[in-house]
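Structural overview for review
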Amino acid sequence: MTYLPKGSAAEGPYALAVDPARAAWTYSSLRVVELPPGGAHSFATGESEWIVLPLTGGCTVHTEGEIIELLGRESVFSEASDFAYVPRDSHLQIASGAGGRFALAGAKCERRLPARYGPAPEVPVEHRGSGTCARQVRNFAAADAFDCDRLIAVEVVTPGGNWSSYPPHKHDEYRPGAETELEEIYYFEIDGPGGFGYQRVFPSREGGTDVLAEVRSGDAVLVPDGWHGPSIAQPGHAMYYLNVMAGPGDEREWKICFHPDHTEGYR
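The sections below set out a description of the structure shown in this document. Note that the coordinates shown come from a computational prediction; the quantities given were computed from them, not determined experimentally. (Residues numbered from 1 in each chain as written. Predicted model: local features only at pLDDT ≥ 70, side-chain atom pairs only at ≥ 80, totals over all residues. Heavy atoms only, no water.)

This brings us to the overall build of the chain. When you go through the chain residue by residue, the secondary structure sums to one helix and 22 strands. For 267 residues, the compact-globule estimate of 2.2 N^0.38 gives 18 Å, and the chain sits close to it at 17 Å. The principal-axis extent of the C-alpha atoms belonging to the chain is close to 50 × 40 × 35 Å. Expressed as a percentage of its 267 residues, the buried residues of the chain come to 55%. Surface accessibility of the chain: about 11,300 Å² in total, with carbon and sulfur atoms responsible for 50%. (Helix = DSSP H or I, 4+ residues; strand = E, 2+ residues; numbered from the N terminus. Rg over C-alpha atoms; globule rule 2.2 N^0.38 Å. Buried < 20%, exposed > 50% of the residue type's maximum accessible area, 1.4 Å probe, protein only. Areas by Shrake-Rupley, 256 points an atom, 1.4 Å probe, with all protein chains shown as cover.)

Taken together, seven strands build an open sheet; the order of strands is S1-S19-S16-S21-S13-S12-S11 and the sheet is antiparallel. Either end of the sheet is taken by a strand with one partner, and the two such strands are strand S1 (3-4) and strand S11 (125-128). Pairing of strand S16 (residues 183-190) with strand S19 (residues 220-223) involves four bridges; the strand directions are antiparallel. Along S19, the bridge assignment pairs Tyr186 with Val221. (Pairing = 2+ DSSP bridges.)

With that out of the way, let us pick up the nonpolar core. Counting 36 residues, the largest nonpolar core has Leu16, Leu30, Ile51, Phe140 and Leu242 as its most contacted members. It is strand S21 (residues 239-246) that provides the largest number of residues to this core, a total of four residues. (Core = buried A, V, L, I, M, F, W, Y, C linked by side-chain atoms within 4.5 Å.)

Okay, the packing of aromatic side chains next. Summed over the entire model, instances satisfying the criterion amount to 10 aromatic pairs. Seen in terms of ring centroids, Tyr186 and Tyr241 are 5.0 Å apart; in terms of plane orientation they differ by 40°. Their pairing is tilted. Highlighted residues: Tyr186 in strand S16 and Tyr241 in strand S21, separated in sequence by 55 residues. Tyr241 gets classed as buried once you look at its relative accessible area, which sits at 2%. Site record: aromatic cluster; members linked through ring pairs are Phe83, Tyr85, Phe140 and Phe146. Cation over ring: Arg31 sits above Phe43, and NZ or CZ is 4.8 Å from the ring centre. Positioned above the aromatic ring of Tyr85, the side-chain terminus of Arg116 is 4.5 Å from the ring centre. (Phe/Tyr/Trp six-rings, centres within 6.5 Å; stacked < 30°, edge-to-face > 60°. Lys NZ or Arg CZ within 6 Å of the ring centre and 35° of its normal.)

Counting through the fold element by element, Ser48 comes out in strand S5 (residues 48-63). Judged by its relative accessible area of 11%, Ser48 falls in the buried class. Those residues within four positions of Ser48 in sequence are excluded, and the remaining contacts are Pro87, Arg88, Ala107, Lys108 and Cys109. (Contact = heavy atoms within 4.5 Å.)

That bond from Tyr166 to Pro167 is cis: its omega, 0°, falls within 30 degrees of zero. Among the secondary structure elements, Pro167 is positioned in the loop between strand S14 (163-164) and strand S15 (169-170). Across the junction of Gly229 and Pro230, the peptide omega takes the value 5°, indicating a cis bond. Residue position: Pro230 is located in strand S20 (residues 227-233). Even without a glycine there, the phi angle at Glu64 is positive, about 55°.

Shown next, in the form of structure tokens:
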């Protein structure tokens, strides 16, 4: 299933649990865990590297004999958050005194890098596009912003009534210097009650992924292949999405190909 409405991919303590087996691919994972005040959650990282990213609230991450304090944030619409990187073949515990919601972005990988803290002030924030295609991109774990083995993750906030993830683009094949192969997860939150948005994915090859989903807070869309975009925010309701990507390339890169029918007059 490419479109995962809220709750349809819940599992155990997770409000959302996407792993390679569920997605029928090889590398990318995303979990969302909701902790009550004083709550804690722990798991073994296995063959994947992970980033703990507060969506709301703050937490303490215990791993590799280290304690990483995450201040977090009030909401995904307020600002970029600090985060913690946790390596493969380790164990982590998340604990939150006040409670909150936390994304766990993962990628199956080979190298075992050290656990690290990612400060919020060091997150590169990019204002991309203009007019009704303007949006804010927080490149907290972009390929050129934070060192991981395979994991790439960014956040996007699209103002109400605007389009993002536009022009439609793809990254489903390896073409040296032009395109990298990456599996991608979109996780959505909408600002304000009753808000929604739309996500389009359409085929780049015969039999490829084809979906037009009305998305609400807690929904996810998987992009194993195909042109993806636009992501459209309902007027009056800003839309947030977390992108989690990983792929088989020897180099950790985000190289994309824009759809030729949608670029004229845009740039």
